[in-house]
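Structural features, examined
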Protein chains: 2
Amino acid sequence: MKIVSVDPFYLRMPKITLAADGTQDTLLVRIQTDEGIEGWGECDASPLVSIAVYCCPMSHGNIINIRTSLIGETIDSPEDILRLSEKVLRNALDIQQIHHAYSGAEIALWDIIGKKLDKPIYRLLAEMTDTSETSHPKLPYASVLFGDTPENTYQIAKGLQNKGYQAAKFGWGPIGKHGEDNDVSLVRAAREGMGNDNQIMIDAGVVWGTDYNTAFERALAFSEFSPTWLEEPLAPDAIDAYSSLKSKKPTVSIAAGEGSSTYRMAEDIIVNGGIDYVQIDAGRIGGIYPSFQVRLLAEQTGIQYVNHTFKSHLSLAAALHVFVTNPDFNLLEYPAAGSELSECIVKNPFQIHTDGLVRITDGPGLGVEIDTNRIKPYFTPVSIQADSETVFDQPSL
Amino acid sequence: MKIVSVDPFYLRMPKITLAADGTQDTLLVRIQTDEGIEGWGECDASPLVSIAVYCCPMSHGNIINIRTSLIGETIDSPEDILRLSEKVLRNALDIQQIHHAYSGAEIALWDIIGKKLDKPIYRLLAEMTDTSETSHPKLPYASVLFGDTPENTYQIAKGLQNKGYQAAKFGWGPIGKHGEDNDVSLVRAAREGMGNDNQIMIDAGVVWGTDYNTAFERALAFSEFSPTWLEEPLAPDAIDAYSSLKSKKPTVSIAAGEGSSTYRMAEDIIVNGGIDYVQIDAGRIGGIYPSFQVRLLAEQTGIQYVNHTFKSHLSLAAALHVFVTNPDFNLLEYPAAGSELSECIVKNPFQIHTDGLVRITDGPGLGVEIDTNRIKPYFTPVSIQADSETVFDQPSL
């Protein structure tokens, strides 16, 4: 097959707020082939900045856009994806945004090859790496923002418990901003709302920067509520601070890694930062294959791999294929309070079964179908001109 | 003072080729204040992708563009620059391109504060960090591409020797692409053209990826021509491969780091990669201050700091202020075969004195003046629309 089109689509809600809610907009990428097979992917990244990476004029041999690298290329096998990824990344050596932007295209290429070979992506990955082909159910944890107050947080947690969630993560918002007492009240409220039989996770949203002492004190203060982990207490690239935090032996596990936009960043925070859970977003790190490489590294180093997903179930599908064959990595970040936009992107979202678990579908490719009609109202066509040249002209959805 | 405008300007040559020549286009950033002081900076990055970071619509609290973060802010001191940098980077936590794009603005902010306080930037840095305020001359090395053949390379080297260069770096083009014999012939030609009394450096342009064995063999083969260093034999983030290469104890020094788009990337390749020379581009890593932090780290770890500069003398000025006060870091990458565009950006480029050295000027700020009239023919106005909204409307130059 030949790639005939590579098109990014910017979708957004009518109103965008400052909340750390990644579902307010998104960038979908559609790739079409001359055999009529099309694949889709989603980036967790700035849509406009990423669109520019699909179309930017060449600066020299190290700044060449994604469309130029992909259109006209042959693609028939998983090996072709690796070859094309290498080409895209090499051509964009000096474009910092390349991994964020390319993630959507890489996922779309896997979707295409899965459809072509009539196999789910996780099986293609297993065949390629001689690893297990058996999928395992995951325990979804609801991923939500803290309420503004402990009371609001309690209500949110209670609501999730009533919906049957056995695990929930609370993050961002007020945490770390009003002192230890308030932080503890927030975590207590999350625990009380969810009850003692369920798991809670705490996401500090990088609030303590490089201050590993405060991060350690909070980990200590939170430990009586037995959170599964304390997430991103520090800045994403504060590797030395993570190492210092871990050397103080906090009694709560430390999770981080969503900011990894390259494999090396993930490797760095695992090997040199010493974290316990690595959280990877296939929509940022360059797609499914680099995420899978991090999963393999997590297996080798004996830490836990978990997805970072705060977009639609298209992203959730990409995330699942990466680690669904490892039964020990049993938690799944499951966006539970997304925007209307994020909830209408796929026709067949992943349901939580009556046992409280999520299972991957065995459909070809990603196994999800895009609802182009329902997303149309959110479509934000972009046009870019440089001098008299049209650099990006938006295709229709 | 208040910041009243933050404007990126895309400039390019009429014809752009695949050559690894970073001077074919550029992105300048101008910042103006309400006191009439204006500063300039330059990014070594994709102009269009970086412009998008100045204007992209907000996605949530972690994707906020540079203009939004800066316009209306107060700026009167070097400390204000650090405060604003922290704000910009925090607001753009999820924009991978932020460091490439912000570099130009950060440099412009230093230019403004230097003009306001009537001091060159290197003195402001010295005062801030309690380090030496004395500037020292640098030995410029001509930075050129290899010729397509050993004969062409010899002619290029001879030409540089005739112009009086005491050092020259040859890079990219054919090296690594046609086997060891050709590589050795290229390096021999460079050495013969420059003569035995001058320094040569070899830039392999990341050609061996993660293959540290080949990199080691080439270092061995090149050692008879005594290059000052072998640069970027491996991919920028192949940290383990750099470490493996260095553990084989090559007899030629290893240089790398130009791909560092964060302080951590530089720290990683220094501490974990074990390189001998770290090469930092202030136009990529987020500006002058993070470059200065890497310089301090180089001093602490006992390796050499050197600039990476393949743009105009605006970038060269920013580069010089970072390390001009350290006499041990005595080499200066000096673009010697730039485009017409890159040679007309500043009115007062850095000349090579009769002793073959380059000295910083003691003018306020960067100490260079932009030639807005001469660059106008290269100006490429950009316009970006999202839906019915004008996201970026180009100001005039």
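Figured I'd write up the structure that's included with this text.

Definitions and limits used
- Residues numbered from 1 in each chain as written.
- Chains lettered and ligands numbered in written order.
- Predicted model: local features only at pLDDT ≥ 70, side-chain atom pairs only at ≥ 80, totals over all residues.
- Heavy atoms only, no water.
- Helix = DSSP H or I, 4+ residues; strand = E, 2+ residues; numbered from the N terminus.
- Core = buried A, V, L, I, M, F, W, Y, C linked by side-chain atoms within 4.5 Å.
- Buried < 20%, exposed > 50% of the residue type's maximum accessible area, 1.4 Å probe, protein only.
- Contact = heavy atoms within 4.5 Å.
- Polar contact = N/O pair within 3.5 Å; in protein donor to acceptor, adjacent residues only side chain to side chain.
- Pairing = 2+ DSSP bridges.
- Axes fitted to C-alpha atoms, helices over the stretch in contact; angles between N-to-C directions.

Let us now look at unusual backbone geometry. Backbone geometry at S226 of chain A places phi at a positive 45 degrees, although glycine is not the residue there. Structurally, S226 of chain A can be placed in the loop between α8 (212-222) and β7 (230-231). Positive phi outside glycine occurs at D387 of chain B, with the angle close to 60 degrees. For D387 of chain B, the location among the structural elements is in the loop between β12 (382-386) and β13 (389-393).

The biggest cluster of nonpolar side chains holds 258 residues, and the ones touching the most others in it are I31, L70 and F170 of chain A together with I31, L70 and F170 of chain B. Those residues in contact with I31 of chain A that sit more than four places away from it in its chain are I3, S5, V6, I37, E38, G39, L70, A105, A108, L109 and I112 of chain A.

Turning next to α8 of chain A. All of the buried residues in α8 of chain A are T214, A215, F216, R218, A219, A221 and F222 of chain A. Packing partners of the buried residues in α8 of chain A comprise α7 (179-194), β6 (199-203), β7 and α9 (239-247) of chain A.

Moving on: the environment of N272 of chain B. All names here are of chain B. For N272, the position within the fold is in the loop between α10 (263-271) and β9 (277-280). Separated by 29 residues in the primary sequence, N272 and S243 place their C-alpha atoms 6.6 Å from one another. In this structure the side chain of N272 is engaged in a polar contact, spanning 2.6 Å, whose partner is the side chain of D268.

This part covers the environment of P381 of chain B. Among the structural elements, P381 of chain B can be located in the loop between α14 (372-375) and β12. Sequence separation between P381 of chain B and F222 of chain B is 159 residues, and the spatial gap between their C-alpha atoms is 46 Å. Discounting chain neighbours no more than four positions away, the residues touching P381 of chain B are Q385, A386 and D387 of chain A together with Q394 of chain B.

Read across the sheet, 4 strands follow the order β13(A)-β12(A)-β12(B)-β13(B) without closing on themselves; strand pairing throughout is antiparallel. Each edge of the open sheet is held by one strand with a lone partner, namely β13 (389-393) of chain A together with β13 of chain B. Ignoring which end each strand starts from, the neighbouring axes of this sheet average 15 degrees apart. Against the sheet, helix α1 (residues 47-55) of chain A touches β12 (382-386) and β13 of chain A together with β12 and β13 of chain B, its axis set at about 55 degrees to β12 of chain A.

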